[in-house]
Amino acid sequence: MALLRSSSSASSGMGVADHCKDTFLELQRKKTHRYVIFKIDEKRKEVVVDKTGGAAESYDDFMASLPENDCRYAIYDFDFVTDENCQKSKIFFIAWSPSVSRIRAKMLYATSKDRFRRELDGIHYEIQATDPTELDLEVLRDRAH
């Protein structure tokens, strides 16, 4: 069982596994991952890493990794070129809550989101999505520019 980084949240009782922050730092500082997907482990009452995508993986790979019928948190490292021809990178926090997921899961993820996000320092933008169209690559481009 992973150690909890900090005490449980009063609203949801969810802790955050140390591995979550370590994996986020690998994405942020070392560019080891293109994305990280997190899930809530209800038995352990904590957020854990569900999947990571290598630095060479595409946005389509990321989208294919999100479950169609269950909630997840995700971090995506979005690389782009500015109008001034500068290479930039912005980190997106995504709260994925498909409309077809269980109501209990939606509530659990909604009540745990703010506390989990506070554990990850250095996020530029947040997107809440219930449908893949809300996560279209153009949405990220628009937000990043």
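Rules and cut-offs
- Residues numbered from 1 in each chain as written.
- Predicted model: local features only at pLDDT ≥ 70, side-chain atom pairs only at ≥ 80, totals over all residues.
- Heavy atoms only, no water.
- Helix = DSSP H or I, 4+ residues; strand = E, 2+ residues; numbered from the N terminus.
- Rg over C-alpha atoms; globule rule 2.2 N^0.38 Å.
- Buried < 20%, exposed > 50% of the residue type's maximum accessible area, 1.4 Å probe, protein only.
- Contact = heavy atoms within 4.5 Å.
- Areas by Shrake-Rupley, 256 points an atom, 1.4 Å probe, with all protein chains shown as cover.
- Lys, Arg positive; Asp, Glu negative; His and termini not counted.
- Charge placed at Lys NZ, Arg CZ, Asp CG, Glu CD.
- Pairing = 2+ DSSP bridges.
- Axes fitted to C-alpha atoms, helices over the stretch in contact; angles between N-to-C directions.

## With respect to the overall build of the protein
Helices and strands together make up the secondary structure of the protein, namely four helices and six strands. Starting at the N terminus and walking to the C terminus, you meet the elements of the protein as β-α-β-β-α-β-β-α-β-α. A compact globule built from 145 residues should have a C-alpha radius of gyration of about 15 Å, and the protein, at 15 Å, falls within 12% of that. Counting only C-alpha atoms, the protein reaches 45 × 30 × 20 Å along its principal axes. The 145 residues of the protein split such that 43% are buried. When contacts within the protein are restricted to residue pairs at least 6 apart in sequence, those whose partners lie at least 24 apart make up 60%. Working note: accessible area of the protein is about 7800 Å², and carbon and sulfur atoms make up 48% of it. In the protein, 23 side chains carry a positive charge and 25 a negative one; their mean positions are 6 Å apart.

## Structural notes on the sheet that holds strand β1 (residues 15–16)
Strands sit in the order β1-β3-β2-β4-β5-β6 across an open sheet of six strands; the sheet is mixed. Whereas interior strands pair on both sides, the edge strands pair on one side only; in this sheet they are β1 and β6 (125–129). As defined by bridge partners, strand β2 (residues 33–41) adjoins strand β3 (residues 46–54) across eight bridges and the pair is classed as antiparallel. If you follow aspartate 41 over to β3, its bridge partner there is glutamate 46. Across the sheet, helix α1 (residues 18–30) touches β1, β2, β3, β4 (72–81) and β5 (87–96), and the angle it forms with β2 is around 165°.

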